[in-house]
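# Examination of the molecular architecture
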Amino acid sequence: MTGPRVLVLGGTSDARRLATLLDGRAQVTSSLAGRVRQPVLPPGEVRIGGFGGVPGLVAYLRESGTDVIVDATHPFAAQMTAHAAAASRATGVQLVLLRRPGWAVDPGWTSVPSLAAAAAVLPELGRRVFLTTGRQDLATFADLDGLWFLVRSVDPPSGRTPRHMHAVLDRGPFTVEGELALMREHAIDLLVTKDSGGAMTAAKLEAARALGVPVVIVSRPPLPPGFVHIRTPGECVALLEQGYALTTPSELG
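What comes next is a walk through the structure. (Residues numbered from 1 in each chain as written. Predicted model: local features only at pLDDT ≥ 70, side-chain atom pairs only at ≥ 80, totals over all residues. Heavy atoms only, no water.)

### Focus on the sheet that holds strand β11 (residues 215-218)
The parallel open sheet is built from 6 strands, whose spatial order is β6-β11-β10-β7-β8-β9. Among the strands making up the open sheet, the edge pair consists of β6 (110-112) and β9 (165-169). With direction set aside, neighbouring strand axes in the sheet form an average angle of 20°. Contacts from helix α6 (residues 203-211) reach β7 (128-132), β8 (148-153), β10 (190-194) and β11, with the element oriented near 155° to β10. (Pairing = 2+ DSSP bridges. Helix = DSSP H or I, 4+ residues; strand = E, 2+ residues; numbered from the N terminus. Axes fitted to C-alpha atoms, helices over the stretch in contact; angles between N-to-C directions. Contact = heavy atoms within 4.5 Å.)

The structure is reproduced here in structure tokens:
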């Protein structure tokens, strides 16, 4: 196999799409955090689990001869992004930040800077909350006894959770019709989500708008400065083509 050694961080749909586009054109390793029991795997080499912080990632980059890191993690995976930036600076390995655009903010939404801020405003806005911020963040809402929560995640929630809660296990993409039915079934009067962007989970916002349900949206953490920021897997491939000799389809035979 010829072409650059590319480390793709993240189990997002964009990370899988990028690995698919580069399959056979570069030496790609996709790294997944391992938080989902049965992840959807991309083509090519896959490693699952953490690196052991910045020192472990630095050691991996040097041992593997990685040419470029593409951070295609979830927009709220701020710790992994910070580790990637620190490892890039320590090794000189180029880091590219792949982040799909956030959703166009509706002026009627309540935008907050953090999950804690979201929890603080909920009692003023509703009582039956559709909470789609991920199963690892439920402890932030555990002390809101006067509210009832509908929680959706790929794997069952664990740790501290809200006392009054119903969990639905599901994986996107979701449809507007399905989200309308779910929100009506549980008499939802408030939606809480992160600004993850993308089409796979955008249907809940359309359903909330149709039902007149208020939305609380958590803003994204800032990206580390000084690195290339792109928005699509296709843009990433084009960038790599400029800097590295990717194998062309004709060369693949």
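Here the narrative resumes.
### Comments concerning helix α1 (residues 13-22)
Every buried residue of α1 is listed here: Asp14, Ala15, Arg16, Leu18, Ala19 and Leu22. Along its buried surface, α1 packs onto β1 (5-9), β2 (27-32), β4 (68-71), β5 (94-98) and α7 (233-243). Among the residues trailing α1, Gly24 stands out with phi positive, at a value near 85°. (Buried < 20%, exposed > 50% of the residue type's maximum accessible area, 1.4 Å probe, protein only.)

### A few points about the sheet that holds β1
Taken in spatial order, the 6 strands of this open sheet run β3-β2-β1-β4-β5-β12, and their pairing is parallel. At either margin of the open sheet sits one strand with a lone partner, and together these are β3 (45-48) and β12 (228-230). Across the sheet, the mean angle from the axis of one strand to that of its neighbour is 25°, orientation sign disregarded. Here β4 runs beside β5; their pairing, made up of 4 bridges, is parallel. The residue bridging Ile69 from the neighbouring strand is Leu95, located in β5.

### A short note on the environment of Arg62
Here Arg62 is to be found in helix α2 (residues 53-64). Judged by relative accessible area, Arg62 falls into the exposed class, the value being 57%. A C-alpha to C-alpha distance of 45 Å links Arg62 and Val215, two positions 153 residues apart in sequence.

### Description of the nonpolar core
Among the nonpolar cores identified, the biggest contains 19 residues, and Leu122, Phe141, Phe149, Val192 and Val216 are the most heavily contacted of them. Only α4 (115-125), β7, β8, β10 and β11 provide two or more residues apiece to this core. Setting aside residues no more than four positions away along its own chain, Val216 makes contact with Thr110, Val112, Ala118, Val121, Leu122, Leu125, Leu190, Leu191, Val192 and Thr193. (Core = buried A, V, L, I, M, F, W, Y, C linked by side-chain atoms within 4.5 Å.)

### Focus: the pairing of β4
Neither face of β4 is exposed, since Val68 and Val70 on one face and Ile69 and Asp71 on the opposite face are all buried. One ladder, built from 4 bridges, connects β1 with β4; its direction is parallel. Of the residues in β4, the one forming a bridge with Leu7 is Ile69. Crossover β4 to β5 through helix α3 (residues 78-91) is right-handed. (Right-handed = clockwise from strand over helix to strand, strands pointing away.)

### Some words on the pattern of salt bridges
Side chains carrying opposite charge are able to pair once their charged atoms draw close together. Using the criterion set out here, one finds 10 salt bridges in the structure. Between Asp137 and Lys194 there is a salt bridge whose closest N-O contact spans 2.7 Å. Note that Asp137 is positioned in the loop between β7 and β8 and Lys194 in strand β10, a separation of 57 residues in sequence. Arg163 is the salt-bridge partner of Asp145, the closest N and O atoms lying 3.9 Å from each other. Of this pair, Asp145 sits in the loop between β7 and β8 while Arg163 sits in the loop between β8 and β9, and the two are 18 residues apart along the sequence. Judged by relative accessible area, which is 65%, Arg163 ranks as exposed. Salt bridges sharing partners connect three or more residues here, namely Asp106, Glu206 and Arg209. (Salt bridge = Lys/Arg side-chain N within 4 Å of Asp/Glu carboxyl O.)

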